[in-house]
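The residues making up each chain are set out below.
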There are 2 protein chains.
Amino acid sequence: MADIRSRIASRADLPGARLRSVRAQAQAMQVSVSTVVEAYERLAAEGVIVSRPGSGFYVAGPVAPLALSRIGPKIDREVDPLWISRQSLENEADVLKPGCGWLPSDWLYEEGMRRALRSQARADTLELTDYATPLGHPELRRFLSRRLMGNGIEAPPEQIMLTDSGTQAIDLICRYLLQPGDTVLVDDPCYFNFHALLKAHRVKAVGVPYTPAGPDVEAFGAALQEHAPRLYITNSGLHNPTGAVLSPVTAHRILKLADSSDLVIVEDDIFADLEVNPAPRLAAFDGLSRVIQIGSFSKTISASVRCGYIAAQADRIDSLADLKLATSFSGSRLAADLVLRALTDSGYRKHMEAVRLRLAEQMAKTITRLATIGIKPWLVPQAGMFLWCRLPHGADAAGVARACLEEKVVLAPGNAFSQSLSARDFVRFNVAQSGDDRIFKVLARALQRRAGIVSV
Amino acid sequence: MADIRSRIASRADLPGARLRSVRAQAQAMQVSVSTVVEAYERLAAEGVIVSRPGSGFYVAGPVAPLALSRIGPKIDREVDPLWISRQSLENEADVLKPGCGWLPSDWLYEEGMRRALRSQARADTLELTDYATPLGHPELRRFLSRRLMGNGIEAPPEQIMLTDSGTQAIDLICRYLLQPGDTVLVDDPCYFNFHALLKAHRVKAVGVPYTPAGPDVEAFGAALQEHAPRLYITNSGLHNPTGAVLSPVTAHRILKLADSSDLVIVEDDIFADLEVNPAPRLAAFDGLSRVIQIGSFSKTISASVRCGYIAAQADRIDSLADLKLATSFSGSRLAADLVLRALTDSGYRKHMEAVRLRLAEQMAKTITRLATIGIKPWLVPQAGMFLWCRLPHGADAAGVARACLEEKVVLAPGNAFSQSLSARDFVRFNVAQSGDDRIFKVLARALQRRAGIVSV
């Protein structure tokens, strides 16, 4: 008792901290288990510690609030996913953002949005002022059902639920399936916000190395065995950040490995409309049995209107609808209606063709420009906006990013994407955000300076 | 070991279920603590159970997903908050919804929405296609800051964060402050979706009886002592479902009681614009120290455009912004812009005056109509849309609701709002949704039938 009291008094154990389990404490202090039980009970009776039924004993007092920035090991600000996202989202006019994860605003479907808003101004009363139904806009769900069918995924409209974003879609699935302490597989590297999202769920993320044909099958199998993960979150179409695409054989092997487990797979399909030659989808191979597919329209129509979706088994959709209702009440009927108007506008197909062409041109140009400063892509992607590149001479990407930021260029250094922090000398470039020559000048200078530091 | 094995084999303990604590198990089986420790360790080594560091022992295998409908005691479908919300959100044309919690769509600001959409169609590119900044639309936050100042709440724009809805605002605060197993105080009765939201956070809700002047101060103090809650969630302006308003003396006493605790208070202010004479606000008395205020525009402008806000201490806003980013990435820039256009439209003030007048008329009419079938309000509200009424002869509101639903009238029975299930013979009426005579005919028939059953 004296020992625990002094730890609390010295703030070695802060309010809300969990005490060692009875057994661990007994071992640590070389006393019997029943001695510890008695000490804990007396301290609880005094109000110094509290017993949480089913969980253990805690130092009395308030629990520190969930500050994501304080969870996990301290990392460089430049590889902190939240910090990078906030930098990218702040609208400072003179900042260049090759590290940003989306298209420049003038590449998006502005004309379609204007037309959709004008026609929406004449919509009926319910569309303009009423809540959405629990699953969301029936017509948009019918449209998405047909679109998924075109990709070989059979999802009737009642197996589709609209959400406010792709991120909210994954968040709801995590709420549905995960408990604090569970393990989730992610690609290494993967979209960095998955790391922040999983932190918010207080679960453990385990990375599986990503190869040019999808996740490393052997490592995937080993991770299944070792960690018994509940969930695997991936992008299949155009992988973020590598630009790789899943091969049919890898897709098949991953699903086969998963067969002997309880793994659920979330397939994030937000880059589908940027593909030139559609890659295989896990959801198509699996038939939405263990795979849940999600998507959104922020990367192609507009990021200003928030709308995403989840396609899954019927019973999962039902529970997810309850969770959406409890935690955000309703999605936006207006947003879904706007997205539907834009998607079904006769100009949308032409718009997307132009975007894909422009991306291909920018991809070629960026590869050439990067080559002039000694940077080579890990893989030349078939399509999309991302180039995953290794810096020359093992330069530290976080340090380079720090130097570039001083000159108002925001980079996305590799370790922000890597659960194992094994991408120290990688950087993700968004070719659509890399049109300005200043980016390459600033980057070259930063690399030279780093090289100088290294050689000193 | 045999006992635990047999409980698992018979599925008395399902995969994912937590085993009794070592101590509880030792007591239950009348064996020593160390015997239980050894048995648990051996079973864990065999893989029959798993140890979660810091949490206890669990039956191995997948954890059942979070189905809100299966948490807590089984309750009547008619008093299940999720079920009532889903009924209210389904758009069936011929269903009457006096139990619904919002204004009919043609009472909302349709003309303002049309004007806002037309002018938005001419907005600049960034507004139409780019992400929102982390805290959301700066101009709307400046506007809200001035509006809050008018209510005596000092919140500079950087202490305001926009959200997708009032519900998302409370959800983010719960994520920030709560851990599974924490206790939260709610009013009894309170807005029923608070119950569903708190279930989703796996926390314990404790009800404090609501009086015509606010929460019962003595019961509030006792609950603080007994449960050491982390959070208290309330509406101050026009209380849902009672229509009561907080008196200055109650507000002062509640804050004084909270002074000696670590309680955080969420004040949900979504009905502010329906008030005729503004009631005191906890946030104004407290100066946003322990109080966090949230609001939205679904009840006054449109429920189809989703936009809410949180006003709080600066460090809380910063952590909440990280959480919003991790779990939904960005709010809708378009939605915030639309709300700002509607709020600053010259017609908005006139629209709200008309709504308040219409509500007062409907309130008077509904009270008269209810009196003819023997139903009296618990309190005649000063304003707003809700009437909290006791049914005659102790009729069971859930049963009456079931009977009315068969005739396509959706009621909101009292126990959906009551944590202690002590409002069995209460019903909440929305006067704005009670204009149709059929409601009262159907209700009278249902009451007569119930009375008949009771007298038999």
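Residues numbered from 1 in each chain as written. Chains lettered and ligands numbered in written order. Predicted model: local features only at pLDDT ≥ 70, side-chain atom pairs only at ≥ 80, totals over all residues. Heavy atoms only, no water.

Colleague: It is not clear to me how the overall build of chain A should be interpreted in this structure. Could you clarify?
Modeller: If you tally the helices and strands in chain A, you get 17 helices and 14 strands. A compact globule built from 456 residues would reach a C-alpha radius of gyration of about 23 Å, and chain A, at 25 Å, matches this within 12%. Along the three orthogonal principal directions, the C-alpha set of chain A runs to about 75 × 65 × 45 Å. Considering chain A as a whole, with its 456 residues, one finds that 62% of them fall into the buried category. For chain A, restricting intrachain contacts to residue pairs at least 6 apart in sequence, the fraction spanning at least 24 positions comes to 74%. Total accessible area computed for chain A in this model is approximately 17,500 Å², and 51% of it derives from carbon and sulfur atoms. Placing the 53 positive and 49 negative side-chain charges of chain A at their respective mean positions leaves the two points 4 Å apart. (Helix = DSSP H or I, 4+ residues; strand = E, 2+ residues; numbered from the N terminus. Rg over C-alpha atoms; globule rule 2.2 N^0.38 Å. Buried < 20%, exposed > 50% of the residue type's maximum accessible area, 1.4 Å probe, protein only. Contact = heavy atoms within 4.5 Å. Areas by Shrake-Rupley, 256 points an atom, 1.4 Å probe, with all protein chains shown as cover. Lys, Arg positive; Asp, Glu negative; His and termini not counted. Charge placed at Lys NZ, Arg CZ, Asp CG, Glu CD.)

Colleague: Would you mind going over the sheet that holds strand β6 (residues 214-215) of chain A with me for this structure?
Modeller: Two modes of strand pairing occur in sheets, parallel and antiparallel, and in both the strands are linked by backbone hydrogen bonds. All names here are of chain A. With respect to topology, eight strands assemble into an open sheet ordered β3-β10-β9-β8-β7-β4-β5-β6, the strand pairing being mixed. The two strands at the open ends of the sheet, each matched to only one other strand, are β3 (160-163) and β6. Direction of pairing for strand β4 (residues 183-188) relative to strand β7 (residues 231-235): parallel, over a ladder of three bridges. Paired with V184 across the bridge in β7 is L231. (Pairing = 2+ DSSP bridges.)

Colleague: Please explain the sheet that holds strand β11 (residues 376-377) of chain B as it appears in this structure.
Modeller: All names here are of chain B. Judged by pairing direction, the sheet is antiparallel, and its four strands sit side by side in the order β11-β12-β14-β13 without closing on themselves. At either margin of the open sheet sits one strand with a lone partner, and together these are β11 and β13 (412-413). Pairing analysis gives two bridges linking β11 to strand β12 (residues 386-390), with the strands arranged antiparallel. Among the inter-strand pairings, K376 is bridged to a residue of β12, identified as R390. On the sheet, helix α15 (residues 348-372) packs against β11, β12 and β14 (426-430) and is oriented at approximately 15° with respect to β12. (Axes fitted to C-alpha atoms, helices over the stretch in contact; angles between N-to-C directions.)

Colleague: Which parts of the structure should I look at to understand the pairing of β7 of chain A?
Modeller: Each regular strand displays side chains that alternate between the two surfaces of the sheet. Residues and elements named next belong to chain A. Along β7, five of the five residues are buried, which leaves the element largely enclosed by surrounding structure. Bridge count for β7 against strand β8 (residues 264-268) is five bridges, and the pairing is parallel. By the bridge assignment for β8, T234 is matched with E267. Between β7 and its parallel partner β8, the chain crosses via helix α11 (residues 248-259), and the hand of that crossover is right-handed. (Right-handed = clockwise from strand over helix to strand, strands pointing away.)

Colleague: Honestly, the packing of aromatic side chains in this entry has me stumped. Any pointers?
Modeller: In this description, an aromatic ring pair is defined by two values, namely the gap between the centres and the angle between the planes. Residue and element names in this part refer to chain A. One pass over the structure, following the stated rule, counts 26 aromatic pairs over all chains. Relative to Y232, the ring of F220 lies with its centre 4.9 Å away and its plane at 70°, an arrangement referred to as edge-to-face. Residue F220 is found in helix α10 (residues 217-227), and its partner Y232 is found in strand β7; the two are separated by twelve residues along the sequence. Classification of F220 as buried rests on a relative accessible area of 0%. A ring pair is formed by F297 and Y309, whose centres lie 6.3 Å apart and whose planes are at 40°; its orientation type is tilted. In this pair, F297 is assigned in the loop between β9 (291-296) and β10 (308-311) and Y309 in strand β10, connecting sequence segments twelve residues apart. Both residues of the pair, F297 and Y309, count as buried. An aromatic cluster of at least three residues, connected via ring pairs, comprises Y191, F192, F194, W388, F417 and F426. (Phe/Tyr/Trp six-rings, centres within 6.5 Å; stacked < 30°, edge-to-face > 60°.)

Colleague: What is the right way to look at the environment of S296 of chain A in this model?
Modeller: Residue and element names in this part refer to chain A. Within the element layout of this structure, S296 appears in strand β9. When near neighbours in sequence (up to four residues on either side) are disregarded, S296 contacts G166, I270, C307, G308 and Y309. Here S298 takes part through its backbone nitrogen, which lies 3.4 Å from a polar atom of the side chain of S296. (Polar contact = N/O pair within 3.5 Å; in protein donor to acceptor, adjacent residues only side chain to side chain.)

Colleague: Just to check I follow, could you spell out the interface of chain B and chain A for this structure?
Modeller: A common way to state how big an interface is: give the accessible area lost once the parts meet. Of the residues lining the interface, 92 residues belong to chain B; the matching set on chain A comes to 93 residues. For the pair chain B and chain A, the two sides together bury roughly 8,000 Å², of which 55% comes from carbon and sulfur. If you look at where chain B meets chain A, you find eight salt bridges. For D322 of chain A, the salt bridge identified is with R86 of chain B, shortest N-O distance 2.7 Å. Applying the counting criterion to the chain B and chain A interface returns 44 residue pairs in polar contact (both at pLDDT 80 or more). Considering every element that reaches the side of chain B that touches chain A, the biggest residue donor is helix α13 (residues 314-328) of chain B, with nine residues. By residue class, the composition of the side of chain B that touches chain A is 41 nonpolar, 25 polar and 26 charged. (Buried area = accessible area lost by both parts, 1.4 Å probe. Salt bridge = Lys/Arg side-chain N within 4 Å of Asp/Glu carboxyl O. Nonpolar A, V, L, I, M, F, W, Y, C, P; charged D, E, K, R; others polar.)

Colleague: Where do I start with the side chain of N415 of chain B in this structure?
Modeller: On the secondary structure map, N415 of chain B appears in the loop between β13 and β14. Those residues in contact with N415 of chain B, other than ones at most four positions away along the chain, are V79, L421, S422, A423 and R424 of chain B.

Colleague: Please clarify how the packing of helix α8 (residues 166-177) of chain A against helix α13 (residues 314-328) of chain A should be interpreted in this entry.
Modeller: Residue and element names in this part refer to chain A. Axis separation between α8 and α13 bottoms out at 10 Å; the angle between their running directions is 105°. As far as their axial angle goes, α13 and α8 are roughly perpendicular. In contact with Q168, L172, I173, R175 and Y176 of α8, α13 contributes D315, R316, S319, L320, L323, K324, T327 and S328. Of the residues assigned to the contact of α8 with α13, the class counts are five nonpolar, four polar and four charged. (Parallel < 35°, antiparallel > 145°, perpendicular 65-115°, else oblique.)

Colleague: Quick question: what am I supposed to make of the domain arrangement of chain A here?
Modeller: Domain annotation for chain A reports domain 1 (2-59), domain 2 (75-101 + 349-455) and domain 3 (109-343). For domain 1 of chain A and domain 3 of chain A, the distance between their C-alpha centres works out to 43 Å. (Domains from an automatic or database assignment.)

Colleague: Can you walk me through the side chain of Q168 of chain B in this structure?
Modeller: Looking at the element boundaries, Q168 of chain B is found in helix α8 (residues 166-177). Since its relative accessible area comes to 7%, Q168 of chain B is described here as buried. Among the polar contacts listed, one links the side chain of Q168 of chain B to the side chain of S328 of chain B, at a separation of 3.4 Å. Each residue touching Q168 of chain B, except ones within four places of it in the same chain, is listed here: T327 and S328 of chain A together with T163, K324 and S328 of chain B.

Colleague: Would you mind going over the nonpolar core with me for this structure?
Modeller: Most often, soluble globular proteins keep nonpolar side chains buried together rather than apart. Among the nonpolar cores identified, the biggest contains 180 residues, and L443 of chain A together with L443 of chain B are the most heavily contacted of them. Aside from chain neighbours lying at most four places away, what touches L443 of chain A is L370, I373, I375, V400, C404, L411 and F429 of chain A. In terms of nonpolar packing, the next biggest core, distinct from the first, is built from 88 residues, L66, Y176 and C190 of chain A together with L135 of chain B among them. (Core = buried A, V, L, I, M, F, W, Y, C linked by side-chain atoms within 4.5 Å.)

Colleague: What exactly am I supposed to notice about the relation of the copies chain B and chain A here?
Modeller: Between the two copies of the chain lies a relationship made up of a rotation around an axis and a movement along it. With an RMSD of 0.4 Å, the fit of chain B onto chain A corresponds to turning through 180° and sliding 0.2 Å along the axis. Taken together, the rotation and translation describe the operation of a two-fold axis. In terms of proximity to the rotation axis, the leading residue of chain B is S55 of chain B, whose C-alpha is 2.2 Å off the axis. Most of the interface of chain B is mirrored in chain A, where 100% of its interface residues are also at the interface. (Least-squares fit on C-alpha atoms with pLDDT ≥ 70 in both.)

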